[in-house]
Amino acid sequence: MTYLEQCEAELQEKLNGQEDEATIVRWVSEKVLESYRNGITAGQKGTPVIRKGKSRRRGLPPNRPTVAKPDYEQD
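Residues numbered from 1 in each chain as written. Predicted model: local features only at pLDDT ≥ 70, side-chain atom pairs only at ≥ 80, totals over all residues. Heavy atoms only, no water.

Caption draft 1: Expanded view of the overall build of the protein. Assigned secondary structure in the protein consists of 2 helices and 0 strands. Taking all 75 residues of the protein together, the buried fraction comes to 7%. Accessible area for the protein stands at about 7800 Å²; split by element, carbon and sulfur atoms hold 52% of it. (Helix = DSSP H or I, 4+ residues; strand = E, 2+ residues; numbered from the N terminus. Buried < 20%, exposed > 50% of the residue type's maximum accessible area, 1.4 Å probe, protein only. Areas by Shrake-Rupley, 256 points an atom, 1.4 Å probe, with all protein chains shown as cover.)

Structure representation (structure tokens):
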């Protein structure tokens, strides 16, 4: 079971259980913070992140044609 699947299972368990809303929100906040800190730690170690599939980067924005300034704004 992956980390995300494990978190989803725990969350589902809490939602179906007797936990109150504030306790669930606190638990989710702690999980997010833990994940964030683990990501920072992995980044500091220089561990490469290898993802299967396409890159999530959008690439460079398209080149836009230069618009000429009106005559009254010319230098």
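Caption draft 2: Spotlight on a nonpolar patch on the surface. On the surface, a cluster of nonpolar side chains totalling about 290 Å² of accessible area is made up of L33, Y36 and I40. Residue classification places L33 among the partly exposed positions, given a relative accessible area of 38%. (Patch = residues over 30% accessible without salt bridge, like charges linked within 9 Å, V, L, I, M, F, W, Y side chains within 5 Å. Salt bridge = Lys/Arg side-chain N within 4 Å of Asp/Glu carboxyl O.)

Caption draft 3: Representation of helix α2 (residues 21-44). Helix length check: α2 (24 residues) gives 35 Å between terminal C-alpha atoms against 34 Å at 1.5 Å per residue, within 8%. Restricting attention to buried positions, one finds in α2 the residues I24, W27 and K31. Those residues of α2 hidden inside the fold are in contact with α1 (3-16). Just past α2, the residue G46 takes up positive phi, approximately 75 degrees. (Expected span 1.5 Å × (residues − 1). Contact = heavy atoms within 4.5 Å.)

Caption draft 4: Seen up close, the pattern of salt bridges. Per the stated rule, a full pass over the model turns up 3 salt bridges. K14 is the salt-bridge partner of E19, the closest N and O atoms lying 3.8 Å from each other. K31 is the salt-bridge partner of E34, the closest N and O atoms lying 4.0 Å from each other. You can see E34 and its partner K31 sitting in helix α2, 3 residues apart, about one turn around the helix. Given the relative accessible area of 18%, K31 is considered buried. Taken together, the shared-partner salt bridges connect E10, K31 and E34 into one network.

Caption draft 5: Expanded view of the packing of α1 against α2. In contact at an axis separation of 11 Å, α1 and α2 are set at 170 degrees when each is read in the N-to-C sense. Classed by the angle they form, the pair α1 and α2 counts as roughly antiparallel. Taken together, the residues of α2 that come into contact with α1 (itself represented by Y3, C7, E10, L11, K14 and L15) are I24, W27, V28, K31, E34 and S35. Its residues placed into classes, the contact of α1 with α2 shows 7 nonpolar, 1 polar and 4 charged. (Axes fitted to C-alpha atoms, helices over the stretch in contact; angles between N-to-C directions. Parallel < 35°, antiparallel > 145°, perpendicular 65-115°, else oblique. Nonpolar A, V, L, I, M, F, W, Y, C, P; charged D, E, K, R; others polar.)

Taken by themselves, the reported measurements are silent on function.
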